Amino acid sequence: MSVISYQPWGLLNRLHGDIDRLLDTRPRKYGDGNGRVATSHWVPAVDIREDETRFVIHVDVPGVDPKDIEVHMEDGVLSVKGQRSRESKEEREGYKRMERVRGEFLRRFSLPDTADADAISATCRQGVLEIVIPKQEKLQPKRIEVAG
C-alpha cells in the first residue's frame, strides 16, 4: 500500500504563486544555463540561425533606442544588454494600463569555438537587433616534418 500526500490547498497555493509572479514588477533573475545569473526587468525574444559561414541572432527590442543597447563578447560569452525607458500609459477615470514592460534587459549566449569574436557586427532596424557572428575558417591540418 502506498501513502499519498493530500494537500487540499496545493493547487490554490500554486495559482496564488503564479499570480504573484505575474504581478511582481521587481527585477527577476534569469540564468544562462551555465550557472551565471542575470537580473532583468524583461527578456526579449530571440531567434538564432546558423548557416555555413556565420551565426545570426535576431533580438526583438521594440521601443529600444539603438544607442541604449550594448553588445559585448568576453570569454566565449556574447552579452546583449539594453534599456527601454519609454512607457505606454493610458489614464482614464483613475484607470491605468501599462502593457509594455520597461526597464533593463540582459541576454547571454555561449558561443562555440568556431565563432570569430573579432568580426562580430550588430545593426538595429525597426525594433529588431541583428547580430552577425562569422565563423572562423577551418584550419587545415599541417604536416610537421621530423628531422632525423
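Okay, so let's go over this structure. Here the structure is a predicted model, which is why all the values come from computation and not from measurement.

### Considering the sheet that holds strand S9 (residues 103–110)
Stage number 1. Spatially, S5-S6-S9 is the arrangement adopted by the 3 strands of the open sheet, whose pairing is antiparallel. What marks the edges here is a single partner per strand, and that holds for strand S5 (69–74) and S9. Going across the sheet, the axis of each strand differs from the next one's by a mean of 15 degrees, ignoring polarity.
Stage number 2. Note: S5 against strand S6 (residues 77–84), 6 bridges, orientation antiparallel. In the sheet register, glutamate 70 faces S6, and the bridge partner there is lysine 81.

### Some words on the side chain of arginine 84
Stage number 1. Mapping arginine 84 onto the fold places it in strand S6.
Stage number 2. Among the residues examined, arginine 84 registers a relative accessible area of 6% and is labelled buried.
Stage number 3. Of note is the side chain of arginine 84, whose polar atom sits 2.4 Å from the backbone oxygen of proline 62.
Stage number 4. Non-local contacts of arginine 84, meaning those with residues more than four positions away in its chain, are made with Trp42, Pro62, Gly63, Val64, Val101, Arg102 and Gly103.

### Some words on the pairing of strand S4 (residues 54–60)
Stage number 1. With 5 bridges joining them, strand S3 (residues 46–50) and S4 adopt antiparallel strand pairing. Paired with glutamate 50 across the strands is phenylalanine 55, a residue of S4.
Stage number 2. In textbook terms, the turn of a hairpin is the stretch between consecutive antiparallel strands, and for S3 and S4 this stretch comprises 3 residues.
Stage number 3. Looking at chain direction, S4 and strand S11 (residues 128–134) are connected through 7 bridges and run antiparallel. Across the sheet, residue phenylalanine 55 finds its bridge partner in S11, namely isoleucine 133.

So, how was this worked out
Residues numbered from 1 in each chain as written. Predicted model: local features only at pLDDT ≥ 70, side-chain atom pairs only at ≥ 80, totals over all residues. Heavy atoms only, no water. Pairing = 2+ DSSP bridges. Helix = DSSP H or I, 4+ residues; strand = E, 2+ residues; numbered from the N terminus. Axes fitted to C-alpha atoms, helices over the stretch in contact; angles between N-to-C directions. Buried < 20%, exposed > 50% of the residue type's maximum accessible area, 1.4 Å probe, protein only. Polar contact = N/O pair within 3.5 Å; in protein donor to acceptor, adjacent residues only side chain to side chain. Contact = heavy atoms within 4.5 Å.

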